[in-house]
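Structural overview for review
The lines below spell out each chain.
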Amino acid sequence: MQATVCASQRATGPAAVASSSSGTGAARRAALPRRQACRLQQRLAASAAPTSSSAKEVLERAADRSEGKAEPGFDARAFRRSLNSTGRYTRKPSNDPDSLQLMEEHGVGYSTTGLVAQMRETGYAWRQGDVSVKLAEAYGFCWGVERAVQMAYEARKAYPGQRLHITNEIIHNPGVNQRLKEMDVQFIDLGPDGEKDFSGVKSGEVVILPAFGASVQELRLLNERQVQIVDTTCPWVSKVWNAVDNQTRKGHTSIIHGKWAHEETIATASFAGTYLIVKDLKEAEYVCDYILNGGDREVFLAKFKNAMSEGFDPDRDLQRIGMANQTTMLKGETEAIGKLLEKTQLKKYGPAELAQRFMVMDTICDATQERQDAVYKLTGAQDTPEGIDMMLVVGGFNSSNTSHLQEIGEMKGIPSFWVDSAARIDVAANKVTHKLAHGELVETENWLPEGPITIGVTSGASTPDKAVEDVLDRVFRIKDPSFAGIAPRKTSVKKESHDEEE
Ligand code: SF4
């Protein structure tokens, strides 16, 4: 068997590295995806899927681009915008009533009749026997996630006989993803090399991009395959892409506050030229110390080996920097990192040069912040009779924003239980399996005590109301074995919504 070798693998000497990471704007951008383009090339070659403009052409362009020679003017933002004129690209919901109705039936949207909907009418509070529930005033499905699920449902209806794929989980919620599978939406799996395997995606089929977006390399591949793209990327995420694009155009390195393995951050990094991903303030402090005082370059490179662009050089690439973020990180930490980076550049280069050395744009999502603020409010009266006995946090275990909601309760010393579905609660045994903010999965027996209890409840931005209702149903059943459920009732108080930003 003949191995496929990328052009970028052949060009690996010091000169190639230097040429890939020097310069600004388009040249640096063109040099970015060497490793990704190379993997893509190998996967495409292996799959030999029939395509319109042929996989070979895509491979050649990907390889050429990875060496920064064939497409020096490649402009990721312009490319993304150009998709609008292909006739094979949808990026807004159609507000189809049948799809909205089906979402309601499946419990994957906002509740309009269940307990959560009824709580919106009763001041975000509920009393069921010994259990008092206080729902955070901002909780659950955000606008961008609801929009993404709606677009996926609309796509299923709009292309009834066609194969539908999705490049990742639509959102971080197991129940919603399961519903899509049941509607015959194919999830693009990882191949044996640990990379996504697009070999099953054929020309003319439909591919949904999730709310967190997709990398520019995936977009290019899908465009070349001539598939119908349904892009549910949240406009708040696109705003971050525009920020890193601006930084790249000005020759700045994007410092991204995020988790390097998170889909959204992977996509954001793909739109940046040179980038470095810091996961928290501690890592940012390390970077700032390096900027001011220098340090061991090799130790730096080892520390960020998974979190930086190809050929990153801390001695060269930290001279001009810009701030960007994964939209679901803690806002306070993102702001603190931004201020620290700005202060560092000010100290290093002086006020006259600051504007040329540091760029920032507010790109944190309001929905994330509102949910965090609501938990701070809910947990802000612990020394008064208004205090709560415990927090219940509902959301996918791989949901970043949900982990931050859990973190708040833990930081305040309030017993806080994060579950991803009602199935984590064993009613008969009064036992819960829950996750801690730092990732540990634990079991708590004799979970709910005898007598009255006040529970603060919130849910992550990827969590449909139905998931919260199911969890509370089990809580009520533990406290009262004769509990028969909450009767549905049509309600009128709607959930908050954001205007589209783009
Ligand atoms: S959390 Fe914010 S950025 Fe993420 S999908 Fe929701 S609205 Fe968009």
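Definitions and cut-offs
- Residues numbered from 1 in each chain as written.
- Predicted model: local features only at pLDDT ≥ 70, side-chain atom pairs only at ≥ 80, totals over all residues.
- Axes fitted to C-alpha atoms, helices over the stretch in contact; angles between N-to-C directions.
- Helix = DSSP H or I, 4+ residues; strand = E, 2+ residues; numbered from the N terminus.
- Left-handed = near helix turned anticlockwise from the far one by under 90°.
- Contact = placed C-beta atoms within 7 Å.
- Nonpolar A, V, L, I, M, F, W, Y, C, P; charged D, E, K, R; others polar.
- Pairing = 2+ DSSP bridges.
- Parallel < 35°, antiparallel > 145°, perpendicular 65-115°, else oblique.
- Core = buried A, V, L, I, M, F, W, Y, C linked by C-beta atoms within 7 Å.
- Buried ≥ 20, exposed ≤ 12 C-beta atoms within 10 Å, placed from the backbone.
- pLDDT = per-residue confidence, 0-100.
- Near = placed C-beta within 6 Å.
- Domains from an automatic or database assignment.

1. Regarding the packing of helix H7 (residues 97–106) against helix H9 (residues 143–158)
With their axes 9 Å apart at the nearest point, H7 and H9 run at an angle of 120 degrees to one another. Relative to H9, H7 is oriented so that their crossing is right-handed. When H7 is examined against H9, the residues Asp-98, Ser-99, Leu-100, Leu-102 and Met-103 are found in contact with a partner set consisting of Val-149, Gln-150, Tyr-153, Glu-154 and Lys-157. Taken together, the residues that form the contact of H7 with H9 break down as five nonpolar, two polar and three charged.

2. Side note on the sheet that holds strand S7 (residues 228–231)
Read from one edge of the open sheet, five strands run S1-S7-S6-S4-S5, paired in parallel fashion. Looking along the sheet, the strands with just one partner apiece sit at the ends: strand S1 (89–90) and strand S5 (185–187). Alignment of strand S4 (residues 164–166) against S5, held across three bridges, turns out to be parallel. Its bridge partner lying in S5, Ile-166 is registered against Phe-187. Packed onto the sheet, H9 meets S4, S5, strand S6 (206–209) and S7 and runs at close to 175 degrees relative to S6.

3. What about the sheet that holds strand S8 (residues 253–257)?
With parallel pairing, four strands are arranged side by side in an open sheet as S9-S8-S10-S11. The open sheet has two edge strands, strand S9 (275–278) and strand S11 (358–359), and neither has a second partner. Taken together, the four bridges between S8 and S9 define a ladder with parallel strand orientation. Across the sheet, the residue bridging to Ser-254 is Tyr-275, located in S9. The sheet strands contacting helix H17 (residues 331–349) are S8, S9, strand S10 (321–325) and S11, and the helix crosses S10 at an angle near 180 degrees.

4. Re the packing of helix H19 (residues 366–378) against helix H20 (residues 400–411)
When two helices pack together, their arrangement is given by the angle between the helix axes and by the axis-to-axis distance. Running from amino to carboxyl end, H19 crosses H20 at an angle of 20 degrees, the nearest separation of the two axes being 9 Å. Between H19 and H20, the interaxial angle falls into the category roughly parallel. Along this stretch, H19 crosses H20, giving a crossing that reads as right-handed. Facing H19, whose interface residues are Thr-368, Arg-371, Gln-372, Val-375 and Tyr-376, H20 presents Asn-401, His-404, Leu-405 and Ile-408. Class assignment for the residues of the contact of H19 with H20 results in four nonpolar, four polar and one charged.

5. Thoughts on the nonpolar core
Ranked by size, the top nonpolar core spans 73 residues in total, and within it Ala-148, Val-149, Ala-152, Ile-170 and Ile-208 carry the most contacts. Broken down by element, the residue count for this core peaks at eight residues, all from H9. Once residues within four sequence positions are removed from consideration, Ile-208 is found in contact with Ala-152, Ala-155, Leu-164, His-165, Ile-166, Ile-170, Val-185, Val-230 and Thr-232. Residues Ala-117, Val-393, Val-432 and Val-468 belong to the second largest nonpolar core, which totals 33 residues.

6. Considerations on the confidence of the model for the chain
Looking at the chain, the pLDDT average stands at 85 and 83% of residues meet or exceed 70. This model gives residues 1–70 a pLDDT under 50, and the stretch forms 115 contacts once residues within four places in sequence are excluded.

7. Quick word on the site of the ligand
Every one of the 15 residues lining the ligand counts as a neighbour, but Cys-142, Gly-144, Cys-234, Trp-236 and Cys-365 are closest to it. Mapped by element, the contributors of at least two residues to the shell around the ligand are H9, helix H12 (235–249) and H19. Looking at the shell around the ligand element by element, the count peaks at three residues for H9. Residues belonging to the shell around the ligand are distributed by class as follows: ten nonpolar, five polar and no charged. Both domain 2 (110–142 + 367–479) and domain 3 (143–234) contribute no fewer than three residues apiece to the shell around the ligand.

8. Describing the pairing of strand S2 (residues 125–128)
Here S2 pairs with strand S3 (residues 131–135) via four bridges, running antiparallel. In the strand pairing of S3, Trp-126 is matched with Val-133. Where S2 hands over to S3, the hairpin turn is made up of two residues, of which Gly-129 adopts a positive phi near 60 degrees.

9. Re helix H11 (residues 216–224)
Taking burial as the measure, the nine residues of H11 include eight buried ones, the bulk of the element. By the burial criterion, the buried members of H11 are Val-216, Gln-217, Glu-218, Leu-219, Arg-220, Leu-221, Leu-222 and Glu-224. Positive backbone phi, at 60 degrees, marks Gln-226, one or two positions downstream of H11.

10. Things to note about the pairing of S3
Where S3 and strand S17 (residues 453–459) come together, five bridges link them in parallel fashion. When the bridges of S17 are listed, Val-131 appears paired with Ile-453.

11. Observations regarding the environment of Ile-388
Examined against the element boundaries, Ile-388 turns out to sit in the loop between H19 and strand S12 (390–394). Of the residues examined, Ile-388 has 21 C-beta atoms within 10 Å and is grouped as buried. Separated by 65 residues in the primary sequence, Ile-388 and Ile-453 place their C-alpha atoms 7.9 Å from one another. The residues contacting Ile-388, other than those within four sequence positions of it, are Lys-134, Leu-378, Thr-379, Ile-414, Thr-454, Ile-455 and Gly-456.

12. Quick word on unusual backbone geometry
In terms of backbone geometry, most residues other than glycine have negative phi values and most peptide bonds are trans. The backbone of Asp-184 shows a phi angle near 65 degrees, a positive value even though the residue is not glycine. By the element assignment, Asp-184 lies in the loop between helix H10 (174–182) and S5. The class for Asp-184 is exposed, based on 9 C-beta atoms found within 10 Å.

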